[in-house]
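So the chains spell out like this:
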Amino acid sequence: MRWFSATPGSVPSRRAARQARRLASCMGAGLMTAAMAVATCHGADAASTRHARHKTDAGTSAEPQTEDSIIAIVNGSVLTKRDVDTRGRLFALSSGLDVSDDIMTRLRPQIVRQLIDERLRMEAMLERHINVPVAQIAAAISGIEQRNGMPENSLRNRLAQDSISLTTLIDQIRVQVGWSQVLRMETGSRGRITATEIQQRTDALKREDGKPQYMISEIFVPVEDPHHPETELKFTETIIQELREGAPFPIVAAQFSQSQSALEGGMLGWTQEDSLDPEVVEVARKMPDGAISNPIRVAGGYVIATINSRRTVGHEMATILSIHQAFLPFTQPLNPQDPSDQQKQTLQQASDLAGKIKSCDEMEALNKKYGEKHPTDPGELRVDRLNPQMREVMESLKPGETSHPLVSMYGIALIMVCKREERNVALQTPSEIADQLLNERVEQTSRQLDRDLHRRAVIDMRSKS
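Description of the structure in this document. In this convention, every chain numbers its residues from 1, walking through the sequence in written order. Reporting in this predicted model follows two pLDDT cut-offs: at least 70 for local features of residues, and 80 or more for side-chain atom pairs to be given and counted; totals over whole chains, interfaces and linings ignore these cut-offs and use all residues. Side-chain descriptors were evaluated using all non-hydrogen atoms of the structure, hydrogens and water having been removed beforehand.

Turning our eyes to something else, we now look at the pairing of strand 10 (residues 411–424). Two strands pair if DSSP finds at least two bridges between them. Strands are runs of DSSP state E lasting at least two residues, helices are runs of H or I lasting at least four, and both sets are numbered from the N terminus onward. Summarising the sheet, strand 7 (residues 317–329) and strand 10 pair through 13 bridges and their orientation is antiparallel. Directly across from Ile323, in strand 10, lies its bridge partner Val417. Bridge count for strand 9 (residues 406–407) against strand 10 is 2 bridges, and the pairing is antiparallel. Paired with Leu406 across the bridge in strand 10 is Ala413. Adjacent in sequence and paired antiparallel, strand 9 and strand 10 are bridged by 3 residues.

Laid out in structure tokens, this is it:
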């Protein structure tokens, strides 16, 4: 268990956290799928290509399907019923809900579309010789677990328990991370945010002072044919139903959103109205915090939105803490009903030390003595963003005072507040503004490149699945 890994909304290195999540993919054992077969169609005119993309073999779809039945061939890469079923099971597992067969049937067309998009994006990665290191995959899994309050390694353990191949999740997040690298290459020189652009956005924020700003998360579902959005609308309504029944928004966004914010669980961060689609703004003004919106039709698709909190531009006071911590590890996971002798001794040591440590320097030395299993300084913490139990502990601590021992499954933490201050956290730094501008630019590039990949692709649909 990590005591103070940065959570969404915590002040420390928000930029670094966003970049890490953007770069990181989701789970360990890197296995880059051996080369995907890419068939390029030379000399075909646009009309024949469009015809090939939507060709359906009616005879095949009428036959009983097995797990290896071919759903589609995407530029020579085969998509099977097994692929679709496994991705659906991954969603059911990660949402924590008992997803009915009827719900899964309604999800399948969009799962097929998403897998086709991933095949095309993987081709774009391979063409640019992009590989995603194992470390990024492992870091992303940890990020997903932390954002959803899950113990370390619990997601991969749950996959194993439900006989879902680890590579299903690895492949999905590998494409998300690799696609980010493709977009950086495509953005090129346009990805360099100038001081003039930052100043222009700063001036615009000053003009917006006092107007609404939203901590908003989104799931974006693209519509392939603007004249016939029925399939995507049905899928969006199904997802909303699952979210309202308790499916975690960050996990659903990571599974199904086709926006670059998917890597961050759909989180857009603090966003002012002029940076949102007008249709989203109209809904955001009316919906209560924490609610799940109805489908919002925007250019290119549908958006599902949730407002985590709101404030006025330039105004938000918060209590910010700088802390040091020491972690005394157990030699084995704790069984609260039957603690080992070593665990009892560690608790006694922690209780004795809590009354002796008088400075943050001493806390740092203590953490090093016990192997520095967790960082001494996890970064600044925003009190109102801590979970209720931890907030109760931190609110009562004065600078220079040590907490009582905080017991977890893997050890005991002692925490000292080094500094406490009230700060206006609504003032965006130049680096945060640069991040926001870059994200907007990258999102535009992503949607354009997706359209180009589909326009050039040869997609042979063998079954409606």
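To continue, consider the pattern of salt bridges. We define a salt bridge as a side-chain nitrogen of Lys or Arg found within 4 Å of a carboxyl oxygen belonging to Asp or Glu. As enumerated under the stated definition, the model contains 25 salt bridges in all. One salt bridge in this structure joins Asp83 and Arg119, with 3.2 Å as the shortest N-O distance. Of this pair, Asp83 sits in helix 4 (residues 81–95) while Arg119 sits in helix 5 (residues 101–127), and the two are 36 residues apart along the sequence. Type-normalised accessible area, obtained with a 1.4 Å probe on protein chains alone, sets the label of each residue: buried when under 20%, exposed when over 50%, and partly exposed for intermediate values. The partly exposed category is assigned to Asp83, whose relative accessible area is 27%. Residue Arg119 is classed as buried on the basis of its relative accessible area, which comes to 14%. The network of salt bridges with common partners includes Arg113, Asp117, Glu224 and Glu232.

We now examine the pairing of strand 2 (residues 77–80). Sheet topology places strand 1 (residues 70–74) next to strand 2; 4 bridges connect them, and they run antiparallel. Residue pairing across strands places Ile73 opposite Val78, the latter belonging to strand 2. Hairpin connection, strand 1 to strand 2: the antiparallel pair is bridged by 2 residues, and Asn75 has positive phi, about 50°.

Now for the packing of aromatic side chains. When the centres of two rings from Phe, Tyr and Trp lie within 6.5 Å, Trp using its six-membered ring, the rings pair. Their planes under 30 degrees apart give stacked, over 60 give edge-to-face, and anything left gives tilted. Evaluated as defined, the whole model comprises 1 aromatic pair. Ring geometry for Phe235 and Phe256: centres 5.3 Å apart, planes at 75°, overall edge-to-face. Placement of Phe235 in helix 10 (residues 230–244) and of Phe256 in helix 11 (residues 249–256) is noted, with a sequence separation of 21 residues between them. Taken as a pair, Phe235 and Phe256 share a single burial class, namely buried. We call a charge positioned over a ring when the NZ of a Lys or the CZ of an Arg lies within 6 Å of the ring centre and within 35 degrees of the ring normal. The cationic tip of Arg311 hangs over the ring face of Trp270; the distance from NZ or CZ to the ring centre is 4.0 Å.

Our next topic: helix 8 (residues 166–187). For a helix, the expected span equals 1.5 Å multiplied by the residue count minus one. Taking 1.5 Å as the rise per residue, helix 8 with 22 residues should run 32 Å; its terminal C-alpha atoms sit 32 Å apart, in good agreement. After helix 8 finishes, the residue Gly188 shows a positive phi value of roughly 55°.

The subject of this paragraph is the nonpolar core. Buried Ala, Val, Leu, Ile, Met, Phe, Trp, Tyr and Cys residues that are joined via side-chain atoms within 4.5 Å together make up what is termed a nonpolar core. Membership of the largest hydrophobic core comes to 58 residues, with the highest contact counts inside it found for Leu107, Ile116, Ile219, Ile239, Leu243, Val252 and Ile304. When residues of this core are assigned to their parent elements, the largest contribution, 11 residues, is made by helix 5. Throughout, the edges of the domains are those of an automatic or database domain assignment. Counting only domains with at least three residues in this core, you end up with domain 1 (70–189) and domain 2 (207–315 + 441–460). In what follows, residue pairs with any heavy atoms lying within 4.5 Å of each other are defined as contacts. What Ile116 contacts, discounting residues up to four positions off in sequence, is Ala72, Val74, Leu79, His454, Ile459 and Met461.

Right, let's get into unusual backbone geometry. Phi is mostly negative for residues that are not glycine, and the peptide bonds are mostly trans. Backbone geometry places Asn75, a non-glycine residue, at a positive phi of 50°. Examined against the element boundaries, Asn75 turns out to sit in the loop between strand 1 and strand 2. Not every positive phi belongs to a glycine, and Glu372 is a case in point at roughly 50°. As for its placement among the helices and strands, Glu372 is situated in the loop between helix 14 (360–369) and strand 8 (381–382).

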